[in-house]
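Residue-level listing of the chains:
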Amino acid sequence: MDILKTKPEMQEWSKNKKKESKTICFVPTMGYLHQGHISLMEKGKPLCDSLVLSIFVNPTQFGPNEDLDSYPSDIENDLALAKKAGVTAVFLPNKQNIYPENYQTEISLQYLPNFLCGKSRPVHFAGVATVVTKLFNIVMPDVAVFGQKDYQQLQVIRQLTLDLDFNIKIVAGDIIREKDGLAMSSRNAYLSKSQRTSALSLSKSLRLAGKLIARGEKNPVAIRNEIETFIQSFPETNIEYISFCNPATLEDIDNIENQVLLAIAVKLGKTRLIDNALIDPSQ
Ligand code: AMP
């Protein structure tokens, strides 16, 4: 497994692969890898000749009061997991490398960031769009895999790939969960024992909504009220949003007729957790 620490090294590596007519699949991450990340690598591995993983905690996608400084990291363990998953090369740039002095350009989208997480994280999606654009230019992949866990991010990336004419196939990976249903996240490491129990309120709410919709409930307000009461019955939970929206545009819907995205964000102490499900009333 090759380890590439600078932009020129990574670009050179990718150019050589292209010269050899080898295709590249790319999985960008912020590290502290878990089974959710591994599942993206497993999904991407058979799609191309080589598999590139990047680990970069992107500062521009964190707001001033967010967890940039405390974001968990364990590079040694990450590299061991990457090797086991069959990664061909790991791109491990530092901040200076990605954003050198006098760096000025930002990529921002007009509509998708106005919903869900974008409302409370105003700089987040411009940071994501900018770093992903840069990583696409550096790694030059044919395919890139992103998790549905960050559904809004996935939509942002699909849109920017289209808008900026990247010739890259975007593949979505299913949400990987702990046995009890909690969606895996590097941020779960922050949770205390009692918060870990309360964190189950997110995945349980998604199931509750699924049952109500299967029973014929079509009114998102009624379901939202039930979920709200349910989540609030768990200690330390602070609901940021519960949103029933159009899976493509992320706009709120007022009647559940077709497939709907239910997206939830809840704060447990300082830790912000998100989860979502696509729910189809006909199934
Ligand atoms: P992160 O390191 O949190 O920036 O995530 C890197 C990639 O892993 C993103 O595409 C995420 O959507 C994806 N990811 C994170 N958690 C999960 C999960 N539980 N299941 C599937 N994909 C995930």
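On a predicted model such as this, the values are computed, not experimentally measured, just so you know. (Residues numbered from 1 in each chain as written. Predicted model: local features only at pLDDT ≥ 70, side-chain atom pairs only at ≥ 80, totals over all residues. Heavy atoms only, no water.)

Peer 1: Tell me about the site of the ligand, and name the residues and values.
Peer 2: Taken together, 17 residues sit near the ligand, with His37, Gly147, Asp150, Ile176 and Met184 positioned nearest. Within the backbone of Met30, one N or O atom sits 2.9 Å away from an oxygen atom of the ligand. Interatomic distance of 2.9 Å between a backbone N/O atom of Gly147 and an oxygen atom of the ligand. Looking at the shell around the ligand, the elements that each hand over two or more residues are strand S2 (24–29), helix H2 (35–44) and strand S5 (143–147). Examining the composition of the shell around the ligand, we find that 3 residues originate from one element, H2, more than from any other. When the residues that make up the shell around the ligand are grouped by side-chain class, the tally is 8 nonpolar, 6 polar and 3 charged. (Near = heavy atom within 4 Å. Polar contact = N/O pair within 3.5 Å; in protein donor to acceptor, adjacent residues only side chain to side chain. Helix = DSSP H or I, 4+ residues; strand = E, 2+ residues; numbered from the N terminus. Nonpolar A, V, L, I, M, F, W, Y, C, P; charged D, E, K, R; others polar.)

Peer 1: Quick one: what's the story with the packing of aromatic side chains, residue by residue and with numbers?
Peer 2: Summed over all chains, the structure comprises 7 aromatic pairs. Arranged with centres 6.4 Å apart and planes meeting at 40 degrees, the rings of Phe56 and Tyr99 form a pair that is tilted. Of the two residues, Phe56 is situated in the loop between strand S3 (50–55) and helix H3 (75–84) and Tyr99 in the loop between helix H4 (95–98) and helix H5 (117–120); the sequence distance between them amounts to 43 residues. The class for Phe56 is buried, based on a relative accessible area of 6%. Summarising the aromatic geometry, the rings of Phe62 and Tyr71 are spaced 5.9 Å apart at their centres and angled 80 degrees between planes, so their arrangement reads as edge-to-face. With a relative accessible area of 7%, Phe62 lands in the buried category. Through a chain of ring-to-ring contacts, the aromatic side chains of Phe26, Phe136, Phe146 and Phe166 assemble into a single cluster. (Phe/Tyr/Trp six-rings, centres within 6.5 Å; stacked < 30°, edge-to-face > 60°. Buried < 20%, exposed > 50% of the residue type's maximum accessible area, 1.4 Å probe, protein only.)

Peer 1: Summarise the packing of helix H6 (residues 124–139) against helix H7 (residues 151–163); cite the residues concerned and give the values.
Peer 2: As a packed pair, H6 and H7 sit with axes 10 Å apart at the nearest point and diverge in direction by 50 degrees. As judged from the angle between their axes, H6 and H7 are oblique. H7 is crossed by H6, and the crossing has right-handed handedness. Where H6 approaches H7, its residues Phe125, Val128, Ala129, Val132, Thr133 and Phe136 are matched on the opposing element by Gln152, Gln153, Val156, Ile157, Leu160 and Thr161. In the contact of H6 with H7, the residues fall into 8 nonpolar, 4 polar and no charged. (Axes fitted to C-alpha atoms, helices over the stretch in contact; angles between N-to-C directions. Parallel < 35°, antiparallel > 145°, perpendicular 65-115°, else oblique. Left-handed = near helix turned anticlockwise from the far one by under 90°. Contact = heavy atoms within 4.5 Å.)

Peer 1: Let's hear about the environment of Leu116: which residues, and what values?
Peer 2: Within the secondary structure layout, Leu116 lies in the loop between H4 and H5. Given the relative accessible area of 7%, Leu116 is considered buried. Along the backbone, Leu116 and Tyr241 are 125 residues apart, and their C-alpha atoms lie at a distance of 7.1 Å. If we skip the residues at most four places from it in the chain, Leu116 touches Gln152, Tyr241, Ser243, Cys245, Leu250, Leu261 and Ala263.

Peer 1: Tell me about the domain arrangement of the chain, and name the residues and values.
Peer 2: For the chain, the domain assignment lists domain 1 (2–173) and domain 2 (186–276). Measuring from the centre of the C-alpha atoms in domain 1 to the corresponding centre in domain 2 gives 27 Å. Each partner contributes to the interface: domain 1 provides 21 residues, whereas domain 2 provides 18 residues. Carbon and sulfur atoms make up 56% of the surface buried where domain 1 meets domain 2, a total of about 1700 Å² over both sides. When the area that domain 1 buries against domain 2 is broken down by residue, the three leading residues are Phe115, Leu116 and Tyr151, summing to 34%. Counting across the domain 1 and domain 2 interface gives 1 salt bridge. Put simply, Arg187 and Asp67 hold a salt bridge, and the shortest N to O gap is 2.8 Å. Across the contact surface, domain 1 and domain 2 share 11 residue pairs in polar contact (both at pLDDT 80 or more). Taken together, the elements giving at least two residues each to the side of domain 1 that touches domain 2 come down to H5 and H7. Looking at the side of domain 1 that touches domain 2 element by element, the count peaks at 3 residues for H7. The residue makeup of the side of domain 1 that touches domain 2, split by class, is 9 nonpolar, 8 polar and 4 charged. (Domains from an automatic or database assignment. Buried area = accessible area lost by both parts, 1.4 Å probe. Salt bridge = Lys/Arg side-chain N within 4 Å of Asp/Glu carboxyl O.)

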